[in-house]
Each structure stands twice: as C-alpha cells, then as structure tokens.
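Descriptive structure summary
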Amino acid sequence: MPDPAPRPLRADAQRNRERLLDAAVRAFSQAGADVTLDAIAKDAGVGIGTLYRHFPTREALVEAAYRNELAKLCDAAEELLERLPPADATRAWMDRFIDYLSTKRGMADALRLVIAAGTNPYAQSRDRLVAALTRLLSAGAAAGTVRADVDPADVLAGLSGVSLAAGGPEQRDQARRLLDLLMDGLRYRPAG
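The following paragraphs examine the structure supplied in this document.

Cut-off values and rules
- Residues numbered from 1 in each chain as written.
- Predicted model: local features only at pLDDT ≥ 70, side-chain atom pairs only at ≥ 80, totals over all residues.
- Heavy atoms only, no water.
- Helix = DSSP H or I, 4+ residues; strand = E, 2+ residues; numbered from the N terminus.
- Buried < 20%, exposed > 50% of the residue type's maximum accessible area, 1.4 Å probe, protein only.
- Contact = heavy atoms within 4.5 Å.
- Polar contact = N/O pair within 3.5 Å; in protein donor to acceptor, adjacent residues only side chain to side chain.
- Phe/Tyr/Trp six-rings, centres within 6.5 Å; stacked < 30°, edge-to-face > 60°.

A few points about the environment of Leu178
Relative to the helices and strands, Leu178 is located in helix 9 (residues 172–186). On the basis of relative accessible area, Leu178 is assigned to the partly exposed category, the value being 26%. Expressed as a C-alpha distance, the spacing of Leu178 and Ala141, which sit 37 residues apart in the sequence, is 22 Å. Excluding its chain neighbours within four sequence positions, the residues that come into contact with Leu178 are Val162 and Ala166.

Shown next, in the form of structure tokens:
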C-alpha cells in the first residue's frame, strides 16, 4: 500500500517552517556548522520543539535550508520574467545566483556534515539551475534580445567563474561588472 500524501501544513506551521529555514541559512552562513539549534530557534522566534517537529536532526535542517535557497533561486526565473523583459530578467537572476553561491559557500561546513551523514544535498542542483537558465535564455531568444545559440550549462559555468573570482561581499562591484560583461556576450546582435 503506498504511503499517503503528507498533509499540507497549517498556515502558522508553514510560517514557522519558513522562519526556521531563513534563520538557519543566516546562522550557518555566518556562524558555521557549530551554531546551536537553540540559537536558530530563538532567531526564528519559535521554541526548540517546533524546530524538531519540522527538522528532526541538524542534518535535516541544513539540507532543507540549502534546498530552500536553491528553490528560491530557481523559482525566481519565472517571477523575474513576469516583471521584466527577458534580458533584464536574466541579468537580475545572475545577481541572485551570485548571492546564492555566497550563501552556499557560507554554509559549506554545515553541508559537509550532511554529506558525511550519507545524503547528497546537491543531487538535483545542477539540473534545476540549468532548467532555470534555459527558461530565461529561451525567453530572451524568443524576444530577440538574447542569442539563441547559447548553451545554458556554459552560462552556468561562467556564473560560477564570476563567483569564484569575485564572490565575496567586498567584491560586489567587480562581480557586477563581470556579470555585465557576461550578459553583454549573451545579447543578440543582428549580423551586418
């Protein structure tokens, strides 16, 4: 007999879960893997029992926080396309990608604990990121503002390179300039 589908969370429980995830990202990014779960619960404005109801282990919290950040980034592609022209949406998404990698880098020690426990939090990351970029680049190509011959995986590699070269908070101006260069290379220019 198949497992029944999990019941959706009540609105207050969903808010608590989201606050816990946001607090966890802040804590693991700033204080590292050794931050106490009590400190995370306190920052989220909930009790430790609420944290454990949602996330029975530290590893479950770290993995959920990472996956939540990934989902926010990937979901942002569609949200940005609803508000901005495709080329502008793509460029705005690039800024969010750099923020995402900066958060991921800050959470590195905590994520290593998840991996050591036998879970791969990165299992679907690349596919989801390439799908988001594909959506953005396809919209730009359809609008005639982005080249149609661009491989989204190449753009992802370029964004990762920008993050490696200028991913620190003190390097944001350089990161913006590098992203502008990358975006300029993506723009469609009619021959002639």
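Regarding the side chain of Glu69
With respect to the helices, strands and loops of the structure, Glu69 is situated in helix 4 (residues 58–83). According to the relative accessible area criterion, Glu69 is buried, its value standing at 17%. Once you skip the residues sitting within four places of it in the chain, Glu69 turns out to touch Val25, Tyr100 and Thr103.

Examining the environment of Asp22
One can find Asp22 in helix 1 (residues 11–31). Taking the relative accessible area as the measure of exposure, Asp22 reaches 29% and is therefore partly exposed. One polar contact links Asp22 to Lys72, side chain to side chain, over a distance of 3.0 Å.

Quick word on the packing of aromatic side chains
For the structure on display, the rule yields 4 aromatic pairs. When the ring of Tyr66 is compared with that of Tyr122, the centres are 5.3 Å apart and the planes differ by 85 degrees; the resulting orientation is edge-to-face. One end of the pair, Tyr66, is in helix 4; the other, Tyr122, is in the loop between helix 6 (108–116) and helix 7 (125–143), with 56 residues separating them in the sequence. A relative accessible area of 1% means that Tyr66 is categorised as buried. The partly exposed category is assigned to Tyr122, whose relative accessible area is 27%. Through pairs of rings, three or more aromatic residues link up here, namely Tyr66, Trp93, Phe97, Tyr100 and Tyr122.

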